[in-house]
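Descriptive analysis of the structure
Below, each chain spelled out in residue letters.
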Amino acid sequence: GPPLDHSINEVRLLHGTDPQNLLNILYNGLNERMSGSGAGSAFGEGIYLADDAAKADHYAKVDDSSYQEHDARHKLLFPKSENFSSGLYYILVCRAVLGFPIHSLDGVYATAPVAGAPIFATTNRRELRAIEGINPPLHHQSLVVNRASNHQRFTEYVLFHDDLVYPEYLIAYRRV
């Protein structure tokens, strides 16, 4: 794909998914309104991404179906039935615009840019707080939760607007 735009903090991140959601995502993109439908919404109602394949794999579900000639997903991904095999998992490689993120250790209070400030602007956890000193108000574009200090390995990235995330590639793999 085209080079990332670092001036808007664009990065490539991973999203593990359920095979049942894959076709909808491939045709329509990721949707923050579907948050929590696969693995919960610990850090708000957004699109969850990871920078580590092991974390994305944690959210991927196995495609243990057999090849179905009339299944639109199978027809799209495996036009020839002999190329399909059961037991696959799917991870999307996404371009994500992090913009001006809020960083947190717990998903409740910020560590940066304003340490100790609440993260969310709304009680339903669908919108991040406004960026300090900006008028008219502009909200932070992403949440970066680094729980490493809590002895948990992975950083989670949460975006609350689907127009900031573009699924660019699909990886189909088998666990060994």
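One structure accompanies this document, and this report is about it. Predicted model, so just to flag it, every value in this text is computed and none were measured.

Secondary structure summary: the protein chain contains 3 helices and 8 strands in total. When the helices and strands of the protein chain are placed in sequence order, the string is β-α-β-α-α-β-β-β-β-β-β. In terms of overall size, the protein chain behaves like a compact globule, its C-alpha atoms giving a radius of gyration of 18 Å where 176 residues would be expected to give roughly 16 Å. Projected onto the principal axes, the alpha-carbon positions of the protein chain cover approximately 60 × 35 × 30 Å. Here the protein chain holds 176 residues, and the buried ones make up 40% of them. Considering only intrachain contacts with a sequence separation of at least 6, the fraction spanning at least 24 residues in the protein chain is 66%. Within the structure as shown, the protein chain displays about 9,700 Å² of accessible surface, and the carbon and sulfur contribution to it stands at 53%. Charge separation in the protein chain, taken as the distance between the mean sites of 15 positive and 20 negative side-chain charges, equals 3 Å.

Below, the discussion takes up the pattern of salt bridges. The final tally for this structure, using the stated rule, is 10 salt bridges. Of the charged contacts, one joins Asp57 and Arg175 as a salt bridge, the two residues approaching to 2.9 Å between their closest N and O atoms. Taken together, the positions of Asp57 in helix α2 (residues 53–59) and Arg175 in the segment after β8 (165–173) put the pair 118 residues apart, joining distant regions of the chain. Between Asp71 and Arg73 there is a salt bridge; the shortest N-O distance is 3.9 Å.

Glancing now at the pairing of strand β7 (residues 155–159). Within β7, 5 of the 5 residues are buried, which leaves it mostly tucked inside the rest of the structure. Burial of β7 is two-sided: the residues Thr155, Tyr157 and Leu159 facing one way and the residues Glu156 and Val158 facing the other way are all buried. Looking at chain direction, strand β2 (residues 47–50) and β7 are connected through 4 bridges and run antiparallel. Note on β7: the bridge partner recorded for Tyr48 is Val158.

Before going further, it helps to spend a moment on the environment of Val97. Mapping Val97 onto the fold places it in strand β3 (residues 89–97). Spatially, the C-alpha atoms of Val97 and Ile131 are 16 Å apart, while their sequence positions differ by 34 residues.

Residues Leu26, Tyr27 and Leu76 make up a contiguous nonpolar surface patch of roughly 300 Å² in combined accessible area. Structurally, Leu26 can be placed in helix α1 (residues 19–28). Judged by its relative accessible area of 35%, Leu26 falls in the partly exposed class.

Reading the values: rules and limits
Think of each chain on its own: its residues are numbered from 1, step by step along the sequence as written. Residue-level local features of this predicted model are given only where pLDDT is at least 70; pairs of side-chain atoms are given and counted only at 80 or more, and the full residue set underlies all totals for whole chains, interfaces and linings. Side-chain measures here rest on the full set of heavy atoms in the structure, leaving out hydrogens and waters. Here a strand is any run of E in DSSP of at least two residues, a helix any run of H or I of at least four, and the numbering for each starts at the N terminus. Here the radius of gyration uses the C-alpha set of atoms, whereas the globule reference equals 2.2 Å times the residue count to the power 0.38. Think of it in three bands: with a 1.4 Å probe and only protein chains considered, a residue is buried below 20% of the maximum accessible area for its type, exposed above 50%, and partly exposed in between. By definition, residues are in contact when any of their heavy atoms lie within 4.5 Å. Every accessible area reported is derived by Shrake-Rupley at a probe size of 1.4 Å, with residue values counting cover from the shown protein chains alone. Charge assignment: positive for Lys and Arg, negative for Asp and Glu; neither His nor the chain ends contribute. Where a charge sits is defined by one atom per residue type, namely NZ (Lys), CZ (Arg), CG (Asp) or CD (Glu). For salt bridges, the criterion is a side-chain nitrogen of Lys or Arg within 4 Å of an Asp or Glu carboxyl oxygen. When DSSP finds two or more bridges between a pair of strands, those strands are recorded as paired. Surface patches are drawn from residues lacking salt bridges whose relative accessible area is over 30%; two like charges belong together within 9 Å, two nonpolar side chains (Val, Leu, Ile, Met, Phe, Trp, Tyr) within 5 Å.

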